[in-house]
Amino acid sequence: MRENMENTLTTKLELSHFEEQELIIRTQKGEADAFNPIVSKYQQKIYNLIYQRVKDRETAEDLCQEVFLKAWQALPNFKGQSAFYSWLYKIAINCSIDFLRKQNRKFVVSWEELPPNAENILQAIKKHPSLSQILEKKEFRDVLSKAVNQLPSRQRCVFYLRYEEELRIKDIASRLNKSEGTIKTHLHLAHRKLRDMLRPYLHNEPLGWYRA
């Protein structure tokens, strides 16, 4: 299936509504080749849609292939209650969202993994009676991820290098061509901002900045 879609990647075929419906029915009956013209018709639109979200050509191409593979597998359940492109559009959006969620997890840092010197955050949360339970909740991981992503770019970069790549301060300073003092300042500011952003959550209060 993937090979067939790759062979049609550079072609484009305009189909009438009735031709498209006929090809869908034929595909649902097991004629895999009947799906290729549908891929040709929509592949560029789907690629553009995904690329607008992931901002990477190779990733967009891979996700585009994934979208059509999922569509082909799910086509027996397509009842025609909506336009085919609307149905395909939803699959593309869901694939994009799933990919971006996985990417965002790169910035998710478990509080248990923070080193002892991260006192600015730990002091705010260590007293919480059910911290271990909170850490197990996807909700908290999502909130933390969004909080990290709202840090200023330099603070976010330093935070990521320190806790995701586990680099030492001097190694981060070398990589970014900054002094160790500057790196410590960025890290301190990141800790303080995250502490302030997450304190309401730890007290079961609403987060004014959070958007689900």
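Structure's up top.
Caption draft 1: Representation of unusual backbone geometry in the model. Not every positive phi belongs to a glycine, and N177 is a case in point at roughly 60°. Along the chain, the position of N177 falls in the loop between α10 (169-176) and α11 (180-202).

Caption draft 2: Seen up close, the environment of A32. Tracing the chain through its elements places A32 in the loop between α2 (17-28) and α3 (36-54). According to the relative accessible area criterion, A32 is partly exposed, its value standing at 27%. Between the C-alpha atoms of A32 and W72, which are 40 residues apart in sequence, the distance is 8.4 Å.

Caption draft 3: Region of the structure containing the pattern of salt bridges. Scanning the model with the defined rule gives 5 salt bridges in all. In this structure, R26 engages E31 in a salt bridge whose closest nitrogen and oxygen atoms are separated by 3.0 Å. E31 sits in the partly exposed class, given a relative accessible area of 38%. A salt bridge links E66 to K70; the nearest nitrogen and oxygen atoms lie 3.1 Å apart. Within this pair, E66 and its partner K70 are both found in helix α4 (residues 57-74), separated by 4 residues, close to a single helical turn. Classification of K70 as partly exposed rests on a relative accessible area of 34%.

Caption draft 4: Fine view of the nonpolar core. Among the nonpolar cores identified, the biggest contains 27 residues, and F35, I46, I50, V67, F68, F84 and L88 are the most heavily contacted of them. Counting residues per element, the ones that place at least two in this core are α2, α3, α4 and α5 (84-104). Among residues more than four places away in sequence, those in contact with V67 are I46, I50, L88, I91, A92 and C95. Ranked by size, the runner-up nonpolar core spans 22 residues in total, among them F159, Y163, I169 and L176.

Conventions used here
- Residues numbered from 1 in each chain as written.
- Predicted model: local features only at pLDDT ≥ 70, side-chain atom pairs only at ≥ 80, totals over all residues.
- Heavy atoms only, no water.
- Helix = DSSP H or I, 4+ residues; strand = E, 2+ residues; numbered from the N terminus.
- Buried < 20%, exposed > 50% of the residue type's maximum accessible area, 1.4 Å probe, protein only.
- Salt bridge = Lys/Arg side-chain N within 4 Å of Asp/Glu carboxyl O.
- Core = buried A, V, L, I, M, F, W, Y, C linked by side-chain atoms within 4.5 Å.
- Contact = heavy atoms within 4.5 Å.

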